[in-house]
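Close look at the chain arrangement
One-letter residues, chain by chain:
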Amino acid sequence: MDFVFQVLNNTRNIFKGIIENNTLEDLNRIPEGFNNNIIWNIAHILVSEQLLTYRLSGLEPHISDDLIDRYRKGSAPHAALTEAEVDEIKALLSPTIQKTKAHYDQGIFKDYKPYTVSTTGNTLHNIDEALQFVAVHEGLHYGYIMALLRAIKH
């Protein structure tokens, strides 16, 4: 799983760069034809990883219930985020995936409740499958963010 964690670390660094290289206005903008924005997508991948790894393993996620409620599957942007809220999301990107890797290496993900993802219809049966899907999921949202950036910048 080292490769999957390398991919996740890299995508998280890309997301941090996107936050750092765009204005708060651009991060919050929902272009015509889209139903969410850049910062929602970044917060959503953060929440999804925690739910698909920790929660489905019967463990407590390392982010707040408020973040989970605001960015879980089926949610949508409710208001423009402040600089402080964006900074909180940015600050969680690397530590959460590093903690997940450390916990994975320690073997704490013993139990796993099977879950069928709506994105592809696949059923996740264990932490390895969950982490592989998390990498795919973050890649999907990276592509969506790139489309948002093109729509915003043109």
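For the structure given in this document, a descriptive report is provided here. (Residues numbered from 1 in each chain as written. Predicted model: local features only at pLDDT ≥ 70, side-chain atom pairs only at ≥ 80, totals over all residues. Heavy atoms only, no water.)

1. Details of helix 5 (residues 83-106)
- The end-to-end C-alpha separation of helix 5 is 35 Å, in line with the 34 Å expected for 24 residues at 1.5 Å each.
- Within helix 5, the axis deviates most sharply at leucine 93, by approximately 30°, and proline proline 95 lies no more than four positions further along.
- Taken together, the buried positions of helix 5 are occupied by Val86, Ile89, Leu92, Leu93, Ser94, Thr96, Ile97, Thr100 and His103.
- Check the buried side of helix 5 and you find it contacts helix 1 (2-20), helix 2 (24-28), helix 3 (38-53), helix 4 (65-71) and helix 6 (127-153).
- Directly beyond the C-terminal end of helix 5, a positive phi value near 75° is found at glycine 107. (Helix = DSSP H or I, 4+ residues; strand = E, 2+ residues; numbered from the N terminus. Expected span 1.5 Å × (residues − 1). Bend = angle between axes of the 7 residues up to and from the residue. Buried < 20%, exposed > 50% of the residue type's maximum accessible area, 1.4 Å probe, protein only. Contact = heavy atoms within 4.5 Å.)

2. Details of the pattern of salt bridges
- In this structure the tally under the stated criterion is twelve salt bridges.
- When the shortest N-O distance is used, the salt bridge between glutamate 138 and arginine 12 registers 2.9 Å. Of the two residues, glutamate 138 sits in helix 6 while arginine 12 sits in helix 1, which places them 126 residues apart along the sequence. Each member of the pair, glutamate 138 as well as arginine 12, carries the same accessibility label: buried.
- For arginine 55, the salt bridge is made with aspartate 65, and the minimal N-O distance between the two is 4.0 Å. With arginine 55 in the loop between helix 3 and helix 4 and aspartate 65 in helix 4, this residue pair connects regions lying ten residues apart in the sequence. (Salt bridge = Lys/Arg side-chain N within 4 Å of Asp/Glu carboxyl O.)

3. Comments concerning helix 3
- In this model helix 3 runs 23 Å from its N-terminal to its C-terminal C-alpha over 16 residues, within 8% of the 22 Å that 1.5 Å per residue would give.
- Counting buried positions along helix 3 yields 16 of 16 residues, so the element is predominantly enclosed.

4. Focus on the environment of serine 94
- Among the structural elements, serine 94 can be located in helix 5.
- For the pair serine 94 and asparagine 9, spaced 85 residues apart in sequence, the C-alpha separation works out to 6.9 Å.
- When near neighbours in sequence (up to four residues on either side) are disregarded, serine 94 contacts Asn13 and Lys16.
- There is a polar contact of 3.3 Å between the side chain of serine 94 and the side chain of lysine 16. (Polar contact = N/O pair within 3.5 Å; in protein donor to acceptor, adjacent residues only side chain to side chain.)

5. Quick word on the environment of asparagine 22
- Looking at the element boundaries, asparagine 22 is found in the loop between helix 1 and helix 2.
- Taking relative accessible area as the criterion, asparagine 22 reaches 13% and is therefore assigned buried.
- Not counting residues within four places of it along the chain, the set of residues in contact with asparagine 22 comprises Leu27, Leu149 and Lys153.
- For asparagine 22, the side chain forms a polar contact with the main-chain oxygen of isoleucine 18, separated by 2.7 Å.
- Within the structure, asparagine 22 has its side chain in polar contact with the side chain of lysine 153 (distance 3.1 Å).

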